[in-house]
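# Architecture at a glance
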Amino acid sequence: MRTHSRNVGIVIVSHSPDVAKGAADMVRQMVGNDVPLAWCGGNADGGLGTNVEAIVKALESAWSDRGVVVMVDMGGAETNSEMAIELLPEKKRPKVVVCNAPVVEGSVMAATESSGGSAIEKVRQAAEELYSR
Amino acid sequence: MSECESLAMRDEPRAAASAMLAHEGGLHARPAIKVVQLAKRYAAHVWIGTAANGPWIDAKSIARVMAMKTPNHTMLYFTATGGDADAAVKALAQLVSDEFRISPNDAG
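The model shown is predicted, which means the values in this text are computed figures rather than measured ones. (Residues numbered from 1 in each chain as written. Chains lettered and ligands numbered in written order. Predicted model: local features only at pLDDT ≥ 70, side-chain atom pairs only at ≥ 80, totals over all residues. Heavy atoms only, no water.)

## Points about the layout of surface pockets
- Here the second largest pocket is characterised by a volume of approximately 210 Å³.
- Contributions of two or more residues to the lining of the second largest pocket are made by α5 (120–132) of chain A together with α3 (62–67) of chain B.
- With 4 residues, the single largest contributor to the lining of the second largest pocket is α5(A).
- Counted by class, the lining of the second largest pocket contains 2 nonpolar, 2 polar and 7 charged residues. (1 Å grid on protein atoms, 1.4 Å probe; cavity = no way out; pocket = protein on both sides within 12 Å on 5 of 7 lines; lining within 4 Å. Points joined across faces, edges and corners; volume = space filled by probe spheres on them. Helix = DSSP H or I, 4+ residues; strand = E, 2+ residues; numbered from the N terminus. Nonpolar A, V, L, I, M, F, W, Y, C, P; charged D, E, K, R; others polar.)

## Comments concerning the environment of Gly9(A)
Residue and element names in this part refer to chain A.
- Here Gly9 shows up in strand β1 (residues 9–14).
- Gly9 sits in the buried class, given a relative accessible area of 0%.
- Considered as a pair, Gly9 and Thr79 are 70 residues apart in the sequence and their alpha carbons are 20 Å apart.
- Every residue in contact with Gly9, bar those within four places of it in the chain, is listed here: Pro36, Ala62, Ser64, Gly67, Val68 and Val69. (Buried < 20%, exposed > 50% of the residue type's maximum accessible area, 1.4 Å probe, protein only. Contact = heavy atoms within 4.5 Å.)

## Remarks on the confidence of the model for chain B
- Residue-level pLDDT values for chain B average 87, and 83% of them are 70 or greater.
- Scored by ipTM, the complex comes to 0.86, with pTM at 0.88. (pLDDT = per-residue confidence, 0-100.)

## Digging into the sheet that holds strand β1 (residues 15–20) of chain B
Residues and elements named next belong to chain B.
- The antiparallel open sheet is built from 4 strands, whose spatial order is β1-β4-β2-β3. Among the strands making up the open sheet, the edge pair consists of β1 and β3 (57–58).
- The strands touched by helix α4 (residues 85–97) are β1, β2 (45–49) and β4 (75–81); relative to β1, the strand with the most contacts, the crossing angle is about 0 degrees. (Pairing = 2+ DSSP bridges. Axes fitted to C-alpha atoms, helices over the stretch in contact; angles between N-to-C directions.)

## With respect to the sheet that holds strand β4 (residues 96–99) of chain A
Residues and elements named next belong to chain A.
- Sheet architecture is open: 4 strands sit in the order β2-β1-β3-β4, paired in parallel fashion. One side of each edge strand has no neighbouring strand; the edge strands of this open sheet are β2 (37–41) and β4. Each strand axis lies, on average, 20 degrees off the axis of its neighbour in the sheet, ignoring direction.
- Of the pairings in the sheet, the one linking β1 to β2 comprises 5 bridges and is parallel in character. The residue of β2 that forms the bridge with Val13 is Cys40.
- Against the sheet, helix α2 (residues 52–61) contacts β1, β2, β3 (68–72) and β4, and its axis sits at roughly 175 degrees relative to β2.

Quick look at the structure:
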């Protein structure tokens, strides 16, 4: 697999692995392969939920030195993502932000912005613009 | 400040190009993403509109370009300012003419 560390990474976290994977498929097919991307969803028992360890793995997998934005669906996806960020090495933590955006549309918007080489704050704004309009 | 005003306030020379949108579904998600990705390859400020005199939308904003919901068979206008403005508007008009077949990785 190519490394794309010049662009901001995207991590998609949903209670449903199907939703997370589907959103990631949309990013890959609509935006392309120039953005580091990982997804996770579901609890350890295979049910709906989110899992801190899986989110940590996703963060490492989509890591970029320019930062990673986390797209979450609701509730525990957000709180578990924040816990996952706390488990990262200290110097990585400030480079991760959780976006306040719809998970599917926000992922596509963020990835489009990232694919153009934008910095993490612009990537976050592109995702969150949907809610602020 | 609206984007129209910000554009009108610029005294720099403007490049312009246009192309007819002939793509099933109009400027829907995927074509909009391709427009934005291509626009972002240029340093120029680039705007898109559906009339020759605006109003103008920032062609590098995915949320705004998608929100145009431009239907098929609409003439798309591009205008740009900056060093590579000519190349930017030509490439964008060509992308539309080619019905977005150009991969963003091949363009620019």
